[in-house]
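Listed below, chain by chain, are the residues.
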Amino acid sequence: MSIHELFFHIHYCNGGKYRQFRTLTRKMTRTLQHHELVLVTGGAGKYETEGKVLHFHEGMLFYIAPNVRHSLETSEASPASFLTVHFSYARVGFTDANWAIQPEPTLLSFPPVSTLHDYYPVSDTFEKLVANWHAKLPGYEFTSKTLLQQLLIAIEENLRKQHKNYATSLKIEKVIDYMRQHLHTSVTLEELAALVQLSPTYLSRLFKETTGYPVIAFFNKIKMDRAKELMMDGTKKVKDLANQLGFHDEFYFSRLFKQQEGVSPTEYYHKNIHGF
């Protein structure tokens, strides 16, 4: 499940200079009804869940799923400090002008316990999230949700770089870069697979796992995004937009556009561009 499909509700955040759970010098056992991310920012201790015990230290990340009993324990000699965010989410999709909402259809793709390397981008975003949540300035809830998404992306990127298939993941970035440079034409799955020396089947699976989209669907999506940008000058007809983006059939282009935006290119222009 891709992070971009999720809508978040944050229950609360703690850690850093803010109250509660800043440091732990005792054993705490609990079962949550929502999701929690815990980043260890200092100290050491023991983490126990599902009958397994491990020793934790600075830089470790716990992803605690709902209804999982767990405990954290440290000593006064080495009190642990944390950054935490408690949240729930739903999967939200928009296709053919219809919204689809599925509450928490599956768990996030993070392992229950990770050791992050070079984790400053993660801790920096986490600290901004916690600080924003506690500042309670106007719009803090929206900003906090945005920061949570940024945090999840930073964690995903950190874990991806540690994965043995990081070099393969770089090939996905190469494919996307190639797509951006060829928005004016059409590409095939076989062409993209040859570019990165992968089989079409493997590239298709890997691309979907990484982006949440099939290969050609993603290519068409960024073409539609480019079409909206090209509409800004207000001079291009639908046929011109289609040709500029490599579509020989303007009606097919219009169908793809409507699938993504819920309205035709002409309707989108009059509703969003023409009237400012």
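Look up: the structure comes first, before these words.
Our subject in this report is the structure included herewith. A quick note: this is a predicted structure, and the numbers were derived from the prediction, not measured.

### Considering the environment of tyrosine 63
Thought 1: Structurally, the position occupied by tyrosine 63 is in strand E7 (residues 60–64).
Thought 2: We classify tyrosine 63 as buried; its relative accessible area is 6%.
Thought 3: What tyrosine 63 contacts, discounting residues up to four positions off in sequence, is His35, Glu36, Leu37, Tyr89, Leu107, Leu108, Phe110, Pro111 and Pro112.
Thought 4: Within the structure, the side chain of tyrosine 63 is placed 2.8 Å from the side chain of histidine 35, a separation counted as a polar contact.
Thought 5: A distance of 3.2 Å separates a polar atom in the side chain of tyrosine 63 from the backbone nitrogen of leucine 108.

### Focus: the nonpolar core
Thought 1: One finds Met179, Leu203, Phe207 and Phe253 to be the most contacted residues of the largest nonpolar core, which totals 32 residues.
Thought 2: Taken together, the elements giving at least two residues each to this core come down to helix H3 (166–181), helix H4 (189–195), helix H5 (200–211), helix H6 (215–230), helix H7 (238–244), helix H8 (250–261) and helix H9 (265–273).
Thought 3: If one sorts the elements of this core by residue count, H6 sits on top with seven residues.
Thought 4: Leave out the neighbours within four places in its chain, and phenylalanine 253 touches Met224, Ala227, Val238, Leu241, Ala242, Leu245, Phe247 and Pro265.
Thought 5: Counting 30 residues, the second-largest nonpolar core is a separate cluster that includes Ile3, Ile10, Leu129 and Leu147.

Conventions used here
Residues numbered from 1 in each chain as written. Predicted model: local features only at pLDDT ≥ 70, side-chain atom pairs only at ≥ 80, totals over all residues. Heavy atoms only, no water. Helix = DSSP H or I, 4+ residues; strand = E, 2+ residues; numbered from the N terminus. Buried < 20%, exposed > 50% of the residue type's maximum accessible area, 1.4 Å probe, protein only. Contact = heavy atoms within 4.5 Å. Polar contact = N/O pair within 3.5 Å; in protein donor to acceptor, adjacent residues only side chain to side chain. Core = buried A, V, L, I, M, F, W, Y, C linked by side-chain atoms within 4.5 Å.

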